[in-house]
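# Reading the structure
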Amino acid sequence: MTDSAGAATSTAGEVAPRRRPALSPSRAGDFKQCPLLYRFRAIDRLPELPSRSQIRGTLVHTVLERLYDLPAPQRSPEAARRLVRPAWEELCAELPELVGQLFDGPEDPELPRWLESADALLEVYFRMEDPRRLEPAARELLVETELASGLLLRGYVDRLDVAATGQVRVVDYKTGAAPREFAEVKALFQMKFYALALLQLRGVVPTQLRLLYLADGESLTYEPDEAELRRFERTLEAIWSAIRTAGENGDFRANRTRMCEWCSHKALCPAWGGTPPAYPGWPAEEEIAPTALLTNGTFVG
């Protein structure tokens, strides 16, 4: 749900204006995994076909956002299930080609079963939290802030809770299972990123950051402190320095790993005998435009 620099291309082939280059948790992860993947996604903005699991995640996030539009007593599992179909219909209206990409047309018998799989994730959510007892301060919140070094951080927080005492809690929904040890490091990276951004924006360290994994009902909680976040700030600046160096000379190296098997751009990768498109260059200031509503066929806001 985040992006950074480049010309955005939707699955419909429409090109959106470039934005000021920024760092998000997803794009930082891309660069650490494979610099060329970062280039393809953040600069070239090559379209990627969404998977069923990705779109199901979008649906569940949309439902959980809209659930809190209802009066607290009405926030029930039944109400959440009733929100799934309208959210799917709106997504299909925005992306008419989506049904054909995911299924064999609207009459595919797998479509109803797939929609029901979102219901199962919502049921798990209600076992983890009681939304009738919560009143979020913000949902799908864009956090965008500039560090002293000039690095722009950008990301979307699923939910922000603020207590009467002023304590801040960040909640992020994950529709997969809780991570194993290696993937947990990636999850903690994202949590520290949001904590640092909120420290910059609000001047307070979030009391708690919580990831809810709806596939298995597990959660991951992180309680940051300012000293740790300032050390993390230097980590982000080092990553960004490497990105800018690659961006200026166009030298985004491919990193061949087992993750390549799931990459949408394998055919264009020189590590697999492909040829990348001509490098469009790092976006100049005059090319930068406000946030696009749709990038790579997925919502960013």
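Scroll up to find the structure.
Below, the structure is looked at part by part. Quick caveat, the model's predicted, so the values are computed rather than measured.

### A word on the side chain of Arg-45
- Along the chain, Arg-45 falls in the loop between helix H2 (35-43) and helix H3 (52-67).
- Judged by its relative accessible area of 1%, Arg-45 is buried.
- A polar contact of 3.1 Å, which involves the side chain of Arg-45, links it to the backbone oxygen of Arg-41.

### Some points on the packing of aromatic side chains
- Summed over all chains, the structure comprises 10 aromatic pairs.
- Here the aromatic rings of Phe-193 and Tyr-194 are separated by 6.1 Å at their centres, their planes lie at 85 degrees, and the arrangement is edge-to-face.
- On the basis of relative accessible area, Phe-193 is assigned to the buried category, the value being 0%.
- Since its relative accessible area comes to 5%, Tyr-194 is described here as buried.
- With 6.0 Å between their ring centres and 50 degrees between their planes, Phe-252 and Tyr-279 make a pair best called tilted.

### Regarding the packing of H3 against helix H6 (residues 110-128)
- The N-to-C vectors of H3 and H6 enclose an angle of 50 degrees; their axes lie 10 Å apart at closest approach. For the element pair H3 / H6, the angle class is oblique. Relative to H6, the crossing made by H3 is right-handed. Facing H3, whose interface residues are Arg-52, Ile-55, Arg-56, Leu-59, Val-60, Val-63, Leu-64 and Leu-67, H6 presents Glu-110, Trp-114, Leu-115, Ser-117, Ala-118, Leu-121, Leu-122, Tyr-125 and Phe-126.
- Across the contact of H3 with H6, the residue classes tally to 13 nonpolar, 1 polar and 3 charged.

### Comments concerning the nonpolar core
- Leu-23, Tyr-38, Leu-153, Leu-196, Leu-236 and Ile-243 are the most contacted members of the largest nonpolar core, which totals 45 residues.
- Counting residues per element, this core draws most heavily on helix H7 (residues 181-202), which supplies 10 residues.
- Beyond its immediate chain neighbours, meaning those up to four positions away, Leu-23 contacts Ala-28, Leu-151, Leu-152, Leu-153, Arg-154, Phe-193, Leu-236, Trp-240 and Ile-243.
- In terms of nonpolar packing, the next biggest core, distinct from the first, is built from 33 residues, Ala-80, Leu-95, Leu-102 and Leu-212 among them.

Reading the values: the criteria
- Starting from 1, residues in each chain are numbered consecutively following that chain's sequence as written.
- Per-residue local features are limited, in this predicted model, to residues with pLDDT of at least 70; the limit for side-chain atom pairs, both in listing and counting, is 80 or more; totals at the level of whole chains, interfaces and linings are taken over all residues.
- The side-chain numbers reported here are obtained from all heavy atoms of the structure, hydrogens and water having been left aside.
- Secondary structure elements are defined from DSSP: runs of H or I of at least 4 residues count as helices, runs of E of at least 2 residues count as strands, and each element is numbered from the N terminus.
- Classification of residues uses two cut-offs on accessible area relative to the type maximum, computed with a 1.4 Å probe and protein chains only: under 20% is buried, over 50% is exposed, and between them is partly exposed.
- In protein, a polar contact means a hydrogen-donor-capable atom and an acceptor-capable atom, both N or O and within 3.5 Å, with residues adjacent in sequence counting only if both atoms are side-chain atoms; elsewhere, any N or O pair within 3.5 Å suffices.
- The rule is short: rings of Phe, Tyr and Trp, with Trp giving its six-membered ring, pair when the centres are within 6.5 Å, and they are stacked under 30 degrees, edge-to-face over 60, tilted in between.
- Interaxial angles span 0 to 180 degrees and are taken between N-to-C directions of axes, which are lines fitted to C-alpha atoms, for helices over the stretch in contact.
- Each angle is binned into one of four classes, with values under 35 degrees roughly parallel, values over 145 roughly antiparallel, values of 65 to 115 roughly perpendicular, and all other values oblique.
- Take the far helix as the reference: if the near one is turned anticlockwise from it by less than a right angle, the crossing is left-handed, and if turned clockwise, right-handed.
- What makes two residues a contact is simply this: any of their non-hydrogen atoms within 4.5 Å.
- Each residue receives one of three labels: charged for Asp, Glu, Lys and Arg, nonpolar for Ala, Val, Leu, Ile, Met, Phe, Trp, Tyr, Cys and Pro, and polar for the others, Gly being one of them.
- Side-chain atoms within 4.5 Å link the members of a nonpolar core, which is a set of buried Ala, Val, Leu, Ile, Met, Phe, Trp, Tyr and Cys residues.

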